[in-house]
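Report on the structure
Here is how the chains run, residue by residue.
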Amino acid sequence: MAAQLGVMDLVAGVEGVEFPPGTGQVKWASGIVTMEPWITPIGQDGPDVLGVRSMASTPDISQIESKDSFVYIFDIRDLCKNIDDLDLEDRTTVVHLIKDKISRGIPVLVRGFPLPSIEWDFSSVNRMKGSLLNPISIQEARLRMASETYTKSPVADLHLELKLGDFIAAATEPDSEDSPKMCGNLLDSHSVDWSAMPWVITDINEQATTVYQNRRDWHIRLNKNAEGKEIAEPETFSGPQSMHPDGWQLQMWDLFTHGGFFTRIHHDAAGAGTWMAIRVGGKMWNLVDVSQQGIRSRDRLVDRFYHATDLFTGTPSQPVPHKAITVCLQCGDILIQPPNIMHCVYTPVKSIATGGHFYMYSSMHLTQFGCRVDHRKGGWTTNQVHPGASHLMINMALALPNFSDKPMLKVPFLGLARLILDRDAYEPSLDGVGTARYYPQDIQHREELGELDKVKKIIQAVLEANNIPLSQVDILLQSLGRDYKDPGDEQMDLSCLRE
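Predicted model, so just to flag it, every value in this text is computed and none were measured.

Next up on the list: helix α11 (residues 298-308). Listed as buried for α11 are Arg-298, Leu-301, Val-302, Arg-304, Phe-305 and Ala-308. When α11 is viewed along its axis, its buried side chains cluster within an angular range of 155° and face the same direction.

See below:
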């Protein structure tokens, strides 16, 4: 398998450099051998080692017949005549294929896609980020272990502050009693250089398109003086006045990870889709299709996502027939995950990846359910919070009149409608992180409220034109399609928005 994929030897030369001498090894279902996580409680294997061993025992994507796999794989070179000089027909074919799979909750693995090359060294990272002296906050495996094993903290404090250059150097520094070796993960480091965004991702980043569509609109709620008159006239505004920085940063980020770091099972926050491209090293990526067997309500399905967080801990509390597949991601691979896919990741060698989050109209039913999971169980099912995401969803609804010449699938539209009309039911609730808060007179808060007033009118107009009462939105959303991932075939007519 390793020879077939051209995967580098993942154990040669790393012991005594990236991993302390004597670190154990684990053989994966594909035949690939990696080092095990090396930060463990004294005299015990610990949850990271048990988790990686459990991951390694799951089937590799190469061992599963395509008809039985819930991941769709293709090589970009098989669908494009010339990836260096792409024509519009090939580009349209590939993007349509990806959108169709993502809207049905099917992860897509694109192989053979070239990205700008980089190295794990000071010069490459300095070029990417501008300064090695910049302070960063990383997830650190030793701190996580201490919090879980010795302090019994209900919320593990696993973050460490240091300079970017020190983090890069630490990947190969030796372990000693005086200076214990760290094992860290720099999560979602905002990308400065967007040249590495693949065109297959640019074309599914529909939330970015909608921000452009709305560039001349303003809907801010104006402040009033003591007499109750608006302080500013509408003519003083031209276009949106604010956007939470997270709304831009979540679209593309870099991920720097030391060898031996295990990312526990989770789904990505705010109902976002996710893409990931390996630039240096590789990652063992485990995808989990949460079983809907025997589930009769969406709330029970939320509970099943919560219980799925026990997977890959060595002691799962409820044996449920979830499907799990491991993918060895390497340079040239782009993994595109639909919203709400549970996954865990092991980084066997120091690695740099570039990725990001996206939203699509045709997958808003998945976004809606993912946000519902965050609202009820976010403290356990996700490892992040995106305070700018709700504003992006509002922008997607604001832009609907621009697409009034095209029908929209009914189930995804109803998912977007629920996110807009019942926001409180989807506000994330993350233990130890909290939710977004704004000063009542803050311009961002007032602009979002003004936009919300507008999008509610847009949503209600479409529902009325398609003879769907507000009281039926949730009922239809939960009954249409064979499962929560199915967008169905029925369509909504948006032509009422042309005027």
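On we go.
Turning our eyes to something else, we now look at the sheet that holds strand β10 (residues 273-280). Judged by pairing direction, the sheet is mixed, and its nine strands sit side by side in the order β3-β4-β13-β10-β15-β8-β7-β5-β6 without closing on themselves. Each having just a single partner strand, β3 (72-75) and β6 (159-163) make up the two edges of the open sheet. Between one strand axis and the next, the sheet turns by 25° as a mean value, whatever way the strands run. Across the sheet, helix α4 (residues 88-103) touches β3, β4 (108-111), β13 (334-337) and β15 (351-358), and the angle it forms with β3 is around 165°. Strands in contact with helix α5 (residues 122-129) are β7 (184-190), β8 (253-257) and β15; relative to β8, the strand with the most contacts, it is inclined by about 150°.

Turning our eyes to something else, we now look at empty space enclosed by the protein. Summed over the entire model, instances satisfying the criterion amount to five cavities of 30 Å³ or more. Volume-wise, the largest cavity comes out at about 210 Å³. What lines the largest cavity is a set of 20 residues, among which Leu-187, His-266, Asp-268, His-343 and Asn-383 lie closest to the centre. At the level of secondary structure, the elements contributing two or more residues to the lining of the largest cavity comprise β7, β8, β9 (261-266), β10, β11 (282-289) and β14 (342-347). Estimated volume of the second largest cavity: approximately 80 Å³.

Here we come to the packing of α11 against helix α12 (residues 364-381). Any two packed helices are characterised by how steeply their axes cross, that is the angle between the axes, and by the distance between the axes. Orientation of α11 relative to α12, taken along the N-to-C sense of each, is 40°, at an axis distance of 9 Å. The orientation of α11 with respect to α12, classified from their angle, is oblique. Seen along the crossing, α11 lies across α12 with a hand that is right-handed. In this structure, α11 contributes Arg-298, Asp-299, Leu-301, Val-302, Asp-303, Phe-305 and Tyr-306 to the contact, and α12 contributes Phe-369, Arg-372, Val-373, Arg-376, Lys-377, Trp-380 and Thr-381. Among the residues making up the contact of α11 with α12, the classes are represented as seven nonpolar, one polar and six charged.

In this section: the nonpolar core. Within the largest apolar cluster, 41 residues are counted, with the highest numbers of intra-cluster contacts made by Tyr-359, Tyr-361, Leu-400, Phe-413, Ile-420, Leu-463 and Leu-494. Elements supplying a minimum of two residues to this core: α12, α13 (389-398), α14 (410-421), α15 (443-465) and α16 (473-479). Among residues more than four places away in sequence, those in contact with Leu-463 are Phe-413, Leu-414, Leu-421, Ile-468, Leu-470, Val-473 and Met-492. Formed by 37 residues, the second largest nonpolar core is a distinct cluster that contains Val-26, Ile-39, Met-145 and Leu-301.

This part is about the layout of surface pockets. Taken as a whole, the second largest pocket spans an internal volume of roughly 720 Å³. What lines the second largest pocket is a set of 27 residues, and nearest its centre among them are Lys-99, Glu-206, Tyr-361, Ser-362 and Pro-407. Contributions of two or more residues to the lining of the second largest pocket are made by α4, α9 (206-213) and β16 (408-409). For the lining of the second largest pocket, the element with the highest residue contribution is α4, accounting for six residues.

A separate point is the side chain of Ser-124. Of note, Ser-124 is situated in helix α5. A relative accessible area of 14% means that Ser-124 is categorised as buried. Reaching out from Ser-124, the side chain makes a polar contact with the backbone nitrogen of Glu-119 at a distance of 3.3 Å. Beyond its immediate stretch of four places on either side in the chain, Ser-124 contacts Ile-118 and Glu-119.

Cut-offs applied
Residues numbered from 1 in each chain as written. Predicted model: local features only at pLDDT ≥ 70, side-chain atom pairs only at ≥ 80, totals over all residues. Heavy atoms only, no water. Buried < 20%, exposed > 50% of the residue type's maximum accessible area, 1.4 Å probe, protein only. Helix = DSSP H or I, 4+ residues; strand = E, 2+ residues; numbered from the N terminus. Arc of directions from axis to C-beta. Pairing = 2+ DSSP bridges. Axes fitted to C-alpha atoms, helices over the stretch in contact; angles between N-to-C directions. Contact = heavy atoms within 4.5 Å. 1 Å grid on protein atoms, 1.4 Å probe; cavity = no way out; pocket = protein on both sides within 12 Å on 5 of 7 lines; lining within 4 Å. Points joined across faces, edges and corners; volume = space filled by probe spheres on them. Parallel < 35°, antiparallel > 145°, perpendicular 65-115°, else oblique. Left-handed = near helix turned anticlockwise from the far one by under 90°. Nonpolar A, V, L, I, M, F, W, Y, C, P; charged D, E, K, R; others polar. Core = buried A, V, L, I, M, F, W, Y, C linked by side-chain atoms within 4.5 Å. Polar contact = N/O pair within 3.5 Å; in protein donor to acceptor, adjacent residues only side chain to side chain.

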